[in-house]
Amino acid sequence: MTDKTPFYITTAISYVNGVPHLGHAYESILTDVIARFKRLDGYDVMFLTGTDEHGEKVQQTAEKNNMEAKDFADQNAASFEKMAQTLDISNDDFIRTTQERHYKAAQAIWQKLLDKGDIELGKYAGWYSVREEAYFTEDELTTAEDGEKFTPLGTEVKWVEEASYFFKLSQYTDRLIEYYAANMDAVLPDVRLNEVVSFLKQEGGLKDLSVSRHKSRLTWGIPVPNDGDHVMYVWLDALTNYLTAIGYPDENAATFKKFWPADFHVIGKDITRFHAVYWPAFLMAAGLPLPKHIFAHGFINVGGAKMSKSVGNVLSPDDLVQTYGLDQIRYFLMREVAHGQDGNFSHEQAVQRINADLANGLGNLAQRTLSMIHKNCDARIPAPHEFTEEDEALLHKAYTMIDRVRGEFNAIKINRALEQIWAVVSACDVYIDAQAPWTLKKTDTDRMETVLYVLAESIRCLAIIVQPVTPSSASKILDQLQVKANSREFLHIASNHALGTNIEISKPEGVFPRIVEDVEAA
Ligand code: MSP
């Protein structure tokens, strides 16, 4: 029995037509940081990530590589699973849309929509973009001098005519408009909600959506139930993954009842429409409640430019971790990218941040304090004597920081949350300089002990609260402070003076080395 509040969070599932890059890493880390925060804040978290393996893109890339689609998907899915391990992602499940459980769920939702009369067989004639796996109308396209047509995102289209099943999306325009008017935090940040609402309010409303592909063009997909000529449109297939992982189609499964509707779908801004228009319409049709929030993050550019193979600036998560260290990369991305906006990665910025905030900031504070304790207090965390106003003020900042940080986290303003935490790091630095425990050593050892205790107690709070972002370094600091594994949840931050005293500590080792020489960016 658990009385914890459930919290279900997902990333988008990655296409396996390529291998992971920094953009995928960013989304996984962001979602992981929120999942870890919620666990430490006492929630019963279900965190899902995985791979999206069907569709024309995957089929075509597999063909180019002279491979069977399934073998190609297996190979690349493995590299995404490996990325999750490399980045210390704490996902509870890894879903692959080629799994049997997912075929079952996707075909079940199809059947639900069909039975309801919301899916019907028709004929499609129009422009189709393989890259975006979507159809376009003539007026949405631009025509180049050679007559070739392009979508607003610049991908090529080709004319196709084929039998297709359609989902009656047009019938959901008004319900979706009403839904977003009543749930203005369902899509975050606001800029994305506004885009969705203006899309819904387009003249003539939403058009019906083609939700199948004919076998003459695509075979790599989930078969449409009872019609061997068609496979399911990859987005209807892929979006359903969020239901599969918690037991759908068994709506009575304990996990399904506990975790649906999802609390957060974390996605990139490019796929907002699929999540904020198509997905809720499918769910409404299936008679299921809608996810509480969709958070659409921005894109990570590299050296100020969009990542692309032709520019040659695609960064691999593995190389970044090798070059800078895992917690360092996690911290940099969370600190540098503002809420929902695009961010940039550059070697100079990374070195600057890592050195300023981690090596010279938290790392140096912990190292200095623990070394002084080790050297001057017989390697034992000293018990405090009398507290001064300055001591109380610093401890108060450390104990209450969780309230400020929680608010920012719940709004997915992770960079702001980190600013709040680092304000306490700075307060500790100011305090240590003002109290100068190294001089107290000769003049007043009682006072020195109190000062070192106040610092160690503040560092305990800091290390607990940074666990979601820099998990392994934070746990090293907590190990050094001899904080027990069962005392590392957020509720222990505010349990005043929870730090054990007179416990022996081992010789401290720095957790965030300073980057000294000019390491070449990967
Ligand atoms: N398969 C779809 C998602 C289906 S969800 C039911 C897809 N896959 S993807 O591999 O192209 O992208 C996976 C996620 O990574 C998306 O949320 C996408 O926005 C994100 N990113 C891809 N490149 C990115 C950056 N350069 N920066 C940040 N995120 C980016 O879309």
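Residues numbered from 1 in each chain as written. Predicted model: local features only at pLDDT ≥ 70, side-chain atom pairs only at ≥ 80, totals over all residues. Heavy atoms only, no water.

**Focus on the overall build of the chain**
The number of helices and strands found in the chain is 18 helices and 18 strands. In summary, the chain has a C-alpha radius of gyration of 26 Å against a globular reference of 24 Å for 522 residues, a match within 12%. Taking the principal axes of the C-alpha coordinates as reference, the chain spans close to 90 × 50 × 40 Å. Accessible area for the chain stands at about 22100 Å²; split by element, carbon and sulfur atoms hold 48% of it. Computed over 52 positive and 74 negative side-chain charges, the inter-centroid distance for the chain is 2 Å. (Helix = DSSP H or I, 4+ residues; strand = E, 2+ residues; numbered from the N terminus. Rg over C-alpha atoms; globule rule 2.2 N^0.38 Å. Areas by Shrake-Rupley, 256 points an atom, 1.4 Å probe, with all protein chains shown as cover. Lys, Arg positive; Asp, Glu negative; His and termini not counted. Charge placed at Lys NZ, Arg CZ, Asp CG, Glu CD.)

**Looking at the packing of helix H13 (residues 347–376) against helix H17 (residues 445–465)**
The N-to-C vectors of H13 and H17 enclose an angle of 140°; their axes lie 10 Å apart at closest approach. When the axis of H13 is compared with that of H17, the two are oblique. Crossing handedness for the pair H13 and H17: left-handed. Contact with H13, carried on its side by Leu362, Leu365, Ala366, Thr369, Met372, Ile373 and Asn376, involves Met448, Leu452, Leu455, Ala456, Ile459 and Leu462 of H17 and no other residues of that element. Residue composition of the contact of H13 with H17, grouped by class: 11 nonpolar, 2 polar and no charged. (Axes fitted to C-alpha atoms, helices over the stretch in contact; angles between N-to-C directions. Parallel < 35°, antiparallel > 145°, perpendicular 65-115°, else oblique. Left-handed = near helix turned anticlockwise from the far one by under 90°. Contact = heavy atoms within 4.5 Å. Nonpolar A, V, L, I, M, F, W, Y, C, P; charged D, E, K, R; others polar.)

**Observations concerning the sheet that holds strand E13 (residues 223–224)**
Read across the open sheet, the 3 strands follow the order E12-E14-E13; overall the sheet is antiparallel. Two strands close off the open sheet at either side, each with one partner strand: strand E12 (212–214) and E13. Bridge count between E12 and strand E14 (residues 227–232): 3 bridges; the pairing is antiparallel. Following the sheet pairing, Arg213 is matched in E14 by Val231. (Pairing = 2+ DSSP bridges.)

**Some thoughts on the packing of aromatic side chains**
Evaluation of the coordinates by the stated rule reveals 24 aromatic pairs. When the centroid spacing of 5.2 Å and the interplanar angle of 70° are considered together, the rings of Tyr179 and Tyr180 count as edge-to-face. Residues Phe332 and Phe345 carry aromatic rings whose centres are separated by 5.3 Å and whose planes lie at 80° to one another, so their mutual orientation is edge-to-face. Taken together, the residues Phe332 in helix H12 (residues 326–336) and Phe345 in strand E18 (residues 343–345) connect sequence positions 13 residues apart. (Phe/Tyr/Trp six-rings, centres within 6.5 Å; stacked < 30°, edge-to-face > 60°.)

**Here we look at the sheet that holds strand E6 (residues 134–136)**
Ordered by their spatial adjacency, 4 strands build an open sheet running E6-E5-E9-E11, and the pairing between neighbours is antiparallel. Pairing within the sheet leaves two strands with one partner each, and these edge strands are E6 and strand E11 (209–210). Both strand E9 (residues 158–167) and E11 contribute to a ladder of 2 bridges, which runs antiparallel. Paired with Phe167 across the two strands is Leu209, which belongs to E11.

**Considerations on the site of the ligand**
For the ligand, the set of nearby residues contains 24 residues, the closest of which are Ile13, Glu27, Asp52, Gly268 and Asp270. Between Gly268 and the ligand, the recorded distance is 2.9 Å, taken from a backbone N or O atom to an oxygen atom. At a separation of 2.6 Å, an oxygen atom of the ligand approaches a polar side-chain atom of Asp270. Contact with the protein chains covers 93% of the free accessible surface of the ligand, which is 660 Å². Across the shell around the ligand, the residue classes tally to 12 nonpolar, 9 polar and 3 charged. (Near = heavy atom within 4 Å. Polar contact = N/O pair within 3.5 Å; in protein donor to acceptor, adjacent residues only side chain to side chain.)

**Quick look at empty space enclosed by the protein**
Tallied over the entire structure, the rule returns 3 cavities of 30 Å³ or more. Taken as a whole, the largest cavity encloses approximately 60 Å³ of empty space. What lines the largest cavity is Tyr26, Leu30, Phe295, Leu333, Met334, Val337, Ala338, His339, Gly340, Ile412, Ile414 and Asn415. Only helix H1 (22–40), H12 and helix H15 (414–435) provide two or more residues apiece to the lining of the largest cavity. Considered as a void within the structure, the second largest cavity measures approximately 50 Å³ in volume. As for the second largest cavity, its lining consists of Tyr179, Tyr180, Ala186, His275, Pro280, Leu290, Pro291 and Ile294. For the lining of the second largest cavity, the class distribution of residues is 7 nonpolar, 1 polar and no charged. (1 Å grid on protein atoms, 1.4 Å probe; cavity = no way out; pocket = protein on both sides within 12 Å on 5 of 7 lines; lining within 4 Å. Points joined across faces, edges and corners; volume = space filled by probe spheres on them.)

**Notes on the pairing of E9**
In this structure, strand E5 (residues 119–129) lies alongside E9, joined through 10 bridges in antiparallel fashion. Paired with Lys123 across the strands is Ala163, a residue of E9.

**Remarks on H13**
The axis of H13 is deflected most strongly, by about 45°, at Asn364. Residue Asp378 follows H13 closely and has a positive phi angle near 60°. (Bend = angle between axes of the 7 residues up to and from the residue.)

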